[in-house]
Amino acid sequence: MTTRTLRIAMNGITGRMGYRQHLLRSILPIRDQGGFTLEDGTKVQVEPILIGRNEAKVSELAELHGVEHWTTDLDGAIADPTVDIVFDASMTSLRAETLKKAMKAGKHIFTEKPTAETLEEAVELASIAQEAGITAGVVHDKLYLPGLVKLRRLVDEGFFGRILSIRGEFGYWVFEGDIQAAQRPSWNYRKEDGGGMTTDMFCHWNYVLEGIIGTVKSVNATTVTHIPTRWDETGTEYTATADDAAYGIFELETPDGDPVVGQINSSWAVRVYRDELVEFQIDGTHGSAVAGLNKCVAQQRAHTPKPVWNPDLPVTESFRDQWLEVPANADLDNGFKAQWEEFLRDVVAGREHRFGLLSAARGVQLAELGLRSSAERRTLDVPVISL
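Rules used in this analysis
- Residues numbered from 1 in each chain as written.
- Predicted model: local features only at pLDDT ≥ 70, side-chain atom pairs only at ≥ 80, totals over all residues.
- Heavy atoms only, no water.
- Domains from an automatic or database assignment.
- Contact = heavy atoms within 4.5 Å.
- Buried area = accessible area lost by both parts, 1.4 Å probe.
- Salt bridge = Lys/Arg side-chain N within 4 Å of Asp/Glu carboxyl O.
- Polar contact = N/O pair within 3.5 Å; in protein donor to acceptor, adjacent residues only side chain to side chain.
- Helix = DSSP H or I, 4+ residues; strand = E, 2+ residues; numbered from the N terminus.
- Nonpolar A, V, L, I, M, F, W, Y, C, P; charged D, E, K, R; others polar.
- Pairing = 2+ DSSP bridges.
- Axes fitted to C-alpha atoms, helices over the stretch in contact; angles between N-to-C directions.
- UniProt positions renumbered as here; feature names shortened; annotations may be inferred.
- Phe/Tyr/Trp six-rings, centres within 6.5 Å; stacked < 30°, edge-to-face > 60°.
- Buried < 20%, exposed > 50% of the residue type's maximum accessible area, 1.4 Å probe, protein only.

Going by the annotation in an unreviewed UniProt entry, the name recorded for the protein is Gfo/Idh/MocA family oxidoreductase, with Sanguibacter inulinus given as the source organism.

What follows is the structure, encoded as structure tokens:
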């Protein structure tokens, strides 16, 4: 049996996403399960190299998880000829430069998003990847979540009939940091450091809407900084200069040309009264479905009740009990890990990953247009971008 080991330089591994989702729940499980086997019998194993700016933290993580190689020298890792892949989960403001260096050095790249702070730079990254002939992947984790996998399956099966609308609710209360420590890093709330709800989440919503419904044709957004003062990791008070909530309305078009209305509310200043931290509801002529991170429930046209509005009487029927759970009918692994394995298979095969830098550029585009729409208080069309 042929064995191939992919050495992965993992930058920003001391951060929340880099550590929890990509190292702890993706790469280490792949390593510890002995890698995976390709269709031709080739065994693929991974060897992480941990990279971060804080030497003490990086070395501690390496020792804790039995990782032999770690460094604070990102440029040195990129230049290392034995490194196959460069992964980046560092601050948004630093990402584009890292990805450029890596691709120009001939490395395959896998990265968090947004890939850049501007659409121009995001498109430039996609062009560099094309010219370099490398495999580039961008985290599209939500499309791999069990709930959304089930939702997409319903779309593919024609369950909804003609799709009319999609609604999304995302968010939770992020503590200000004065009495209870914030559960997100402080740079997320400073615009000058690349923070902001719209910049962060519209990149997600673009690929979710593309991956489930179709093309985003326009956006009308309102962005807000609900909590203007927060406290950082040292307990120091600071002014939140980035938006912590974004309310968007999107005009979509299905592959068949049908118009669909999308609405997504995103907030770090909302208390959760729903089953999961993010939920999407699709309504169609033949049925509806609601999907979260894991669960998906649906209601067919024939099983739809006929409620009558009467404000003088209490509701006697349980609307939630009228929906049926959609089964997985398959083993659905952690979404981050599932995409990592798909990307690594593409690297070995020398082919493009289906979620690359051009898809990421469309996410940056939607975030830019969302912020501009809010500032100008108007609906903006989303132009087609290509290389």
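Next, the rest of the story.
Chemist: Is there a simple way to think about the domain arrangement of the protein in this case?
Modeler: Accessible area lost upon the coming together of the parts is a frequently used measure of interface size. Each assigned domain of the protein is listed with its residue range as follows: domain 1 (3–139 + 335–355) and domain 2 (143–331 + 364–376). Summarising the inter-unit geometry, the C-alpha centres of domain 1 and domain 2 are found 28 Å apart. The interface of domain 1 with domain 2 comprises 20 residues on the first partner and 15 residues on the second. Interface area, domain 1 with domain 2, both sides summed: about 1400 Å², of which 66% is carbon and sulfur. Area buried by domain 1 at its contact with domain 2 is led by R16, K113 and L119, which between them contribute 34% of it. On the surface where domain 1 and domain 2 come into contact, there are zero salt bridges. Counting every contact that joins domain 1 to domain 2 gives three residue pairs in polar contact (both at pLDDT 80 or more). Elements that contribute at least two residues to the side of domain 1 that touches domain 2 include exactly α4 (92–104), α5 (119–132) and α8 (335–349). When its residues are assigned to classes, the side of domain 1 that touches domain 2 shows eight nonpolar, seven polar and five charged.

Chemist: Hey, could you run me through the sheet that holds strand β8 (residues 163–171) in this one?
Modeler: Adjacent strands of a sheet pair through backbone hydrogen bonds, lying either parallel or antiparallel. Spatially, the nine strands line up as an open sheet ordered β17-β16-β15-β14-β8-β13-β12-β9-β18, and their pairing is mixed. In the strand order of this sheet, the two ends are held by β17 (324–325) and β18 (380–381), each with one partner. As defined by bridge partners, strand β9 (residues 215–224) adjoins β18 across two bridges and the pair is classed as antiparallel. Paired with V219 across the strands is L380, a residue of β18. Against the sheet, helix α9 (residues 357–376) touches β9, β12 (245–253) and β18, its axis set at about 50° to β9.

Chemist: Would you mind going over the UniProt feature "domain: GFO/IDH/MocA-like oxidoreductase" (unreviewed entry) in the protein with me for this structure?
Modeler: UniProt records the feature "domain: GFO/IDH/MocA-like oxidoreductase" (unreviewed entry) for residues 150–289 in the present numbering. With 16% helix and 38% strand, residues 150–289 has its two end C-alpha atoms placed 10 Å apart.

Chemist: Mind showing me how you'd approach the packing of aromatic side chains here?
Modeler: In this description, an aromatic ring pair is defined by two values, namely the gap between the centres and the angle between the planes. What the rule picks out here adds up to 12 aromatic pairs. When the ring of F159 is compared with that of F160, the centres are 5.2 Å apart and the planes differ by 85°; the resulting orientation is edge-to-face. As far as the burial class goes, F159 and F160 line up, both buried. An angle of 70° between the planes, with centres 5.3 Å apart, marks the rings of Y189 and W268 as edge-to-face. Of this pair, Y189 sits in the loop between β8 and α7 (197–212) while W268 sits in the loop between β13 (259–267) and β14 (278–284), and the two are 79 residues apart along the sequence.

Chemist: How should I be thinking about the pairing of β9 in this particular structure?
Modeler: For a regular strand, side chains alternate in direction, first toward one face of the sheet and then toward the other. Strand direction decides the pairing type here: β9 and β12, joined by nine bridges, are antiparallel. Bridging across to β12, V216 finds its partner in L252.

Chemist: When you look at the pattern of salt bridges in this model, what are you seeing that I'm missing?
Modeler: Note that side chains of opposite charge can pair when their charged atoms are close. Evaluation of the coordinates by the stated rule reveals 24 salt bridges. The shortest N-O distance in the salt bridge between D75 and K101 comes to 3.1 Å. Taken together, the residues span a long stretch of sequence, with D75 in helix α3 (residues 74–79) and K101 in helix α4 at a distance of 26 residues. Given the relative accessible area of 35%, K101 is considered partly exposed. Between D275 and R320 there is a salt bridge, with the nearest N and O atoms lying 3.1 Å from each other. Of the two residues, D275 sits in the loop between β13 and β14 while R320 sits in the loop between β16 (296–300) and β17, which places them 45 residues apart along the sequence. Of the residues examined, R320 reaches a relative accessible area of 58% and is grouped as exposed.

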